[in-house]
Amino acid sequence: MTHDPRRPFGRLLTAMVTPFAADGSLDVAGAQKLAEYLVDVQGNDALVISGTTGEAPTTSDAEKETLLRAVVEAVGDRARIVAGVGTFDTAHSVELAHTAAKAGAHGLLVVTPYYSKPPQAGLLAHFTTVAEATDLPVMLYDIPGRTATPIATDTLLRLADHRNIAAVKDAKGDPAATSAVTGHGGVAVYSGEDKLTLPLLAVGAVGVVGTPTHVAGRETRQMIEAFEAGDHAGALALHHRLLPVFTGFFRTQGVILVKAAMRLRGLPAGPVRSPLVDATEAEIRQLCADCERAGIEL
């Protein structure tokens, strides 16, 4: 794996679903097979394990460790493996960070603490404490639509100066705020919303942590590389082509439709865990129509 400090986790990352067996238990062999597909077929530089799309709120700490070790074993020699360790409890997040480091993770994803709605001083303390728990590079995850608390730009710029905070997954939907962060430097910005990848590249983002990239990874990578090569018209054409997929996978929770897509492709996925529910027949038909419009076969 080559390392570019401007994009510490590469250009294309996928927040991988966690395959479960029919009885709802962790499908370890399936996770390894899916990880190999995402790296070797879809061209991912890195995989995020135990993120939102990985149904992290429903997996135990032991399952998270087992999953991480399995994926590192399968593809860790040719892709960076980023472990989701963020919770709404700083002490628990630190424990998960220690475990992830011992299990072989190459980086950590740390989401804004949710539910408790901490003030910015609390966010600064939380992220700093988790970042100092290991020597691994940290990607912050700013997604106020899920956490109820945005990372204020001033807070993010202070965190960007921390030696272990390397990146932010930006799902704030505010390109002006993103511009302030990319203009400051010190932290790489990855789009956390597939439909905004191209707009955020235009203001200095370096890549994406995607969900529909389970099926459109190669095409998304082509879009990023076209933009970086100065072929802005080509990148825009790919953006327009892929927009039905970038938006269609979020007609309901992304993991629900990704798992449906993986099952259609004969890849490991299994059911989602409660309180989520599997895709309906109508949702699957709509998913197939969205993918067909984008030229993606399921």
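Residues numbered from 1 in each chain as written. Predicted model: local features only at pLDDT ≥ 70, side-chain atom pairs only at ≥ 80, totals over all residues. Heavy atoms only, no water.

## Observations concerning the packing of aromatic side chains
Counted according to the given criterion, the structure contains two aromatic pairs. Sitting above the plane of the F20 ring, R273 keeps its charged end 4.1 Å from the centroid. (Phe/Tyr/Trp six-rings, centres within 6.5 Å; stacked < 30°, edge-to-face > 60°. Lys NZ or Arg CZ within 6 Å of the ring centre and 35° of its normal.)

## Digging into the state of the cysteines
A complete count under the given rule lists zero disulfides for this structure. The structure places no disulfide on C288, whose sulfur is separated from the nearest cysteine sulfur, that of C291, by 6.8 Å. Note on C288: relative accessible area 30%, which makes it partly exposed. (Disulfide = S-S within 2.5 Å. Buried < 20%, exposed > 50% of the residue type's maximum accessible area, 1.4 Å probe, protein only.)

## Some thoughts on the UniProt feature "site: Part of a proton relay during catalysis" (unreviewed entry) in the chain
The feature "site: Part of a proton relay during catalysis" (unreviewed entry), as annotated in UniProt, sits at T52 and Y115 in this numbering. Tracing the backbone shows T52 in the loop between strand 2 (46-49) and helix 2 (61-75). Since its relative accessible area comes to 31%, T52 is described here as partly exposed. Setting aside chain neighbours within four positions, we find T52 in contact with Y141 and R146. When its relative accessible area of 73% is taken as the criterion, Y115 is described as exposed. Those residues in contact with Y115, other than ones at most four positions away along the chain, are F88 and T147. (UniProt positions renumbered as here; feature names shortened; annotations may be inferred. Helix = DSSP H or I, 4+ residues; strand = E, 2+ residues; numbered from the N terminus. Contact = heavy atoms within 4.5 Å.)

## Here we look at the side chain of H214
Within the secondary structure, H214 sits in helix 9 (residues 213-228). There is a polar contact of 2.7 Å between the side chain of H214 and the backbone oxygen of T211. If we skip the residues at most four places from it in the chain, H214 touches T14, A15, M16, V17, Y37, L38, Q42, T53, V258, M262 and R265. (Polar contact = N/O pair within 3.5 Å; in protein donor to acceptor, adjacent residues only side chain to side chain.)

## A word on unusual backbone geometry
Following S274, the chain continues into P275 via a peptide bond in cis, with omega recorded as 20 degrees. Along the chain, P275 turns up in the loop between helix 11 (254-264) and helix 12 (281-293). The backbone phi angle of S50 is positive, close to 60 degrees, even though this residue is not glycine. Its location among the elements puts S50 in the loop between strand 2 and helix 2. Its relative accessible area of 8% is what places S50 among the buried residues. Of note, A148 is a non-glycine position whose phi angle comes to about 75 degrees, a positive value. Secondary-structure assignment places A148 in the loop between helix 5 (144-147) and helix 6 (153-160). Of the residues examined, A148 reaches a relative accessible area of 46% and is grouped as partly exposed.

## Section: the side chain of H239
Within the element layout of this structure, H239 appears in helix 10 (residues 232-248). When near neighbours in sequence (up to four residues on either side) are disregarded, H239 contacts K195, L198, M223 and F246.

## Let's talk about the UniProt feature "active site" (unreviewed entry) in the chain
Mapped onto this structure's residue numbering, the UniProt feature "active site" (unreviewed entry) falls at Y141 and K169. Taken together, the annotated residues stretch across 29 residues yet fold into one region, lying no more than 4.7 Å apart by C-alpha. Among the secondary structure elements, Y141 is positioned in strand 5 (residues 138-142). Not counting residues up to four positions away in its chain, the partners in contact with Y141 are T52, L109, V110, V111, T112, I151, K169 and A171. Considering the arrangement of structural elements, one finds K169 in strand 6 (residues 165-170). For K169, a relative accessible area of 6% corresponds to the buried category. There is a polar contact of 3.4 Å between the side chain of K169 and the side chain of Y141.

## Topic: the environment of V28
Mapping V28 onto the fold places it in helix 1 (residues 28-40). For V28, a relative accessible area of 32% corresponds to the partly exposed category. Sequence separation of V28 and P268 is 240 residues, and the distance between their C-alpha atoms is 9.9 Å. Those residues in contact with V28 that sit more than four places away from it in its chain are T66 and A70.

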